[in-house]
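# Secondary and tertiary structure notes
This is what each chain is made of:
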Amino acid sequence: MTLRGRLTAAFLVVVLGPVLLGSIFVALTVTTVSRDRAAERLDHAATTLRTGISAICRQLQAAADAVAVVPADDRSPVARQLIARGLASDIRIFSGQSGEESKPSRTGDCAAPTGTTTSAIVATATVGTQQITAAQSVDEAFLTRLAAASGARVTLGSHHRPGGRELGVGPGQPLPLTLTITKSKPLFLYAVLLAVVCAAALASVLVARWLAHTTTRPLGDLAWAADQVAGGDLDTRVPIVRPDELGRLAATFNRMTRELKAYVQALTASRDQLRGHLAILGETLSSTHDVDRILQVILRTALAATGARSGLVLLLDPAGGHLVARCAIGLTGAWDLPDDKLATMRLPVGSGVLGAVAAAGESRRGHGEIASVEPPCRTYVAVPIRAPVAVDDPLLPSEPTPATLGVLALYDRVGGDDFDDADLRTLRTFAGQAGVAVHNVRVHEEAQRLSLTDPLTGLWNYRYLRESLRREVERASRFGRMLAVLVLDLDHFKEVNDTYGHAAGDAVLGEFARRIRIGLREVDVAFRQGGEEFVVLLPETDAYGGAIVAERLGAVVRDRLVPIEGRGAIPVTVSIGIAVYPEHGADAQRVLQAADDALYAAKNAGRDTYRLADPARGVPTGGPQPPRQAHGR
């Protein structure tokens, strides 16, 4: 049922209910009054009849007595005179026993009524042996006169009729009569009442429909407008018909729609701006592994999304236990530094708001609670930057990686409002992206390192050797410098594996690599070319310098035995070949081949020594040579 139908029904119930109840009450009242009036008429008619019949009985008795008091000879003329005067319809004089036998039949004696239906009323007077009877005939005319006098219909005898009244016999009342009154039916009154009720009902229906229409039409317009707005048409307006409650509701709806349109426009612009920043962020994440550049884009996107004036990203330095600033936007005071000097700003973990966020790994927002070493602000929101993977990821370094990688903080929202929960959730999203970015860069760096290093010795592998040698040769050629290349090979390494086992051989290789690293400069680079053969690049070093390094490395390996668990210690020596660019080769391949040939010369010279490549001997040409597995040379 519609709202209009419900309002119409409610109005009709409220209006027609009392009307119908009132009409029923009036009808019942009219019926009751009519019934009471009929009863009153019957009472009046009965009283009138009793009085009238009693008077007739007295009149008949007076007539009989009048005849009785005159002489016997004059009684008949007097009787005729009394009949003529209408005092009786018949007067009879009886003598002796014949009087009893000649008395009219079915008469009702006023003095001693019998209660049977009678045809006449009689009154008797006795004088000596004579009996004078005055009678009044009970016929239709008599009953008509009684009905006219009483105002009711008079019927001789007792008849049980609805709404009738029976008059029994008694002294002065010799006739059994039944009185009935024709009840008046107020048909006109009922017709008027019905017409009034119908008119009221029709008027109520019309008024109810008008009220329902005028009430629900604005609501219908409002519902239609709400559907249009829900469909995206924010230009829809509700007409204001009257300045009543519904009119104020329509005005409020129109104002809400206008404000909603403004909000949607603002959100659309913000969404487009955020979409642009996210596109830049996605492009940056997919096209670079520069952590600082990625963090800069994430920070700018977070500022645009939350409306903050300034922001700061700090990463955790596990070794020093400090937060190191990596990028900042809009900061003032001591933190207003260029990017190349921003890393000098450090915060201890656990100190201040940012240190507490990094220590506890929980987000915080507020105002006026920052430490003096932190950026000055009125309001702030800070969230931890977390690693997205477990700390036991095989691609990560062996040492434990902290779950919290850093802190992302924003300061002073535009407009002066405090940061709310929505800003906190938004910032957590960007902090998650920052955590993924930092983690991915570290994983990439670690994966790249693992792909270029030897897992047993930790030195660079043959793949990185080719790239590094090419790069160092190009640099030496560009700047007119020299490059010394040393090729090292452990002596009799096959015997170590055969005698002590491969585990002992791996231990020897690891210790040998460690001693090589100890004997080199920071700019020197060591590689494991394959098996027990290693290569060392000495930038800006001539043949003399290469010989000094070779001598030092041979001594470092020779002078100390290599301890083997459960086997004691074993002696190890190394043979070294030396070549110098461009003296012994015009390119990376030739100089490496020259150093390899010098290594064979050192092996042939008795091992545990070094040899310098011979410039006059030359080297074979061709592509890069694979690593030589020279076990036991």
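Structure report, in brief. (Residues numbered from 1 in each chain as written. Predicted model: local features only at pLDDT ≥ 70, side-chain atom pairs only at ≥ 80, totals over all residues. Heavy atoms only, no water.)

## What about the pattern of salt bridges?
Worth spelling out the cut-off: When a carboxyl oxygen of Asp or Glu lies within 4 Å of a side-chain nitrogen of Lys or Arg, that pair is called a salt bridge. Note on conventions: DSSP H or I runs of at least 4 residues are helices, E runs of at least 2 residues are strands, and numbering of each starts at the N terminus. A 1.4 Å probe rolled over the protein chains alone gives each residue an accessible area, and that area as a share of the maximum for its type sets the label: buried under 20%, exposed over 50%, partly exposed in between.
Following the criterion strictly, the structure yields 22 salt bridges and no others. Taking the shortest distance from any N to any O, the salt bridge between Glu 467 and Arg 471 comes out at 3.9 Å. Of this pair, Glu 467 and Arg 471 both sit in helix H11 (residues 462-479), 4 residues apart, which is roughly one turn of that helix. Note on Glu 467: relative accessible area 33%, which makes it partly exposed. Of the residues examined, Arg 471 reaches a relative accessible area of 28% and is grouped as partly exposed. Three or more residues are tied together by salt bridges with common partners; here these are Glu 467, Arg 470, Arg 471 and Glu 474.

## Side note on the sheet that holds strand E7 (residues 177-180)
Rule in force here: For two strands to pair, DSSP has to find at least two bridges joining them. Axis lines are fitted to C-alpha atoms, over the contacting stretch for helices. Their N-to-C directions set the angle, which ranges from 0 to 180 degrees. A contact between two residues is defined here by any heavy atoms of the two lying within 4.5 Å.
Spatially, E5-E7-E6 is the arrangement adopted by the 3 strands of the open sheet, whose pairing is antiparallel. Here the strands that pair on one side only, and so sit at the sheet edges, are strand E5 (153-156) and strand E6 (165-167). Pairwise comparison of adjacent strand axes, ignoring direction, gives a mean angle of 25 degrees for this sheet. In the sheet, E5 pairs with E7 via 4 bridges, with the strands oriented antiparallel. Following the sheet pairing, Thr 155 is matched in E7 by Thr 178. In this fold helix H4 (residues 140-150) packs onto E5 and E7, with an angle of close to 145 degrees to the strand it touches most, E5.

## Examining the nonpolar core
The line we're drawing: In plain words, nonpolar cores are sets of buried Ala, Val, Leu, Ile, Met, Phe, Trp, Tyr and Cys residues tied together by side-chain atoms within 4.5 Å.
Counting residues in each nonpolar core, the largest one holds 35 residues, and the members touching the most others are Ile 91, Ile 121, Phe 142, Leu 146, Leu 177 and Leu 179. Counting only elements with at least two residues in this core, the list comes to helix H1 (3-69), helix H2 (75-84), strand E3 (120-127), strand E4 (130-137), H4 and E7. Tallying contributions element by element places H1 first for this core, with 12 residues. The residues contacting Ile 121, other than those within four sequence positions of it, are Ile 53, Cys 57, Leu 60, Gly 108, Cys 110, Ala 134, Ala 135, Gln 136, Val 138, Phe 142, Pro 174 and Leu 175. Residues Val 496, Val 508, Ile 516 and Leu 553 belong to the second largest nonpolar core, which totals 32 residues.

## Overview of the sheet that holds strand E10 (residues 346-348)
Strand pairs in the sheet, formed through backbone hydrogen bonds, run parallel or antiparallel to each other. Taking strand neighbours across the sheet as the criterion, the 6 strands line up as E10-E9-E8-E13-E12-E11 in an open arrangement whose pairing is antiparallel. Of all strands in the sheet, those with a lone pairing partner are E10 and strand E11 (364-366), marking the two edges. Across the sheet, the axes of successive neighbouring strands diverge by a mean angle of 25 degrees, strand direction being ignored. With 7 bridges connecting them, strand E8 (residues 308-317) and strand E13 (residues 404-413) associate as antiparallel partners. If you follow Leu 312 over to E13, its bridge partner there is Ala 409. Sitting on the sheet, helix H7 (residues 291-306) is in contact with E8, strand E9 (322-329) and E13, with an inclination near 65 degrees to E9.

## Examining the pairing of strand E12 (residues 380-386)
Summarising burial for E12: 6 of the 7 residues are buried, a large majority. Pairing between E11 and E12: 3 bridges, direction antiparallel. Paired with Gly 366 across the strands is Tyr 380, a residue of E12. Examined bridge by bridge, E12 and E13 share 7 bridges and lie antiparallel to one another. In the strand pairing of E13, Tyr 380 is matched with Tyr 411.

## With respect to a nonpolar patch on the surface
Basically, it comes down to this: Patch definition: residues with relative accessible area over 30% and no salt bridge; like charges joined within 9 Å; nonpolar side chains (Val, Leu, Ile, Met, Phe, Trp, Tyr) joined within 5 Å. Here the Shrake-Rupley method, with its probe set to 1.4 Å, supplies the accessible areas, and only the displayed protein chains count as covering residues.
A surface patch of nonpolar side chains, about 300 Å² in accessible area, is lined by Phe 188, Val 192 and Val 196. Positionally, Val 192 belongs in helix H5 (residues 187-230).

## Some remarks on the state of the cysteines
Joining two cysteines, a disulfide is a covalent bond between their sulfur atoms. Keep this limit in mind: Whenever a pair of cysteine sulfur atoms sits within 2.5 Å, that pair is classed as a disulfide.
Under the criterion given, the structure shown has 1 disulfide. Here Cys 57 is linked by a disulfide to Cys 110, with a sulfur-sulfur distance of 2.2 Å. Taking the torsion about the S-S bond as the criterion, the Cys 57 to Cys 110 disulfide, at about -75 degrees, is left-handed. Linking Cys 57 in helix H1 with Cys 110 in the loop between strand E2 (107-109) and E3, this pair joins segments that are 53 residues apart in sequence. The same class applies to Cys 57 as to Cys 110, namely buried.

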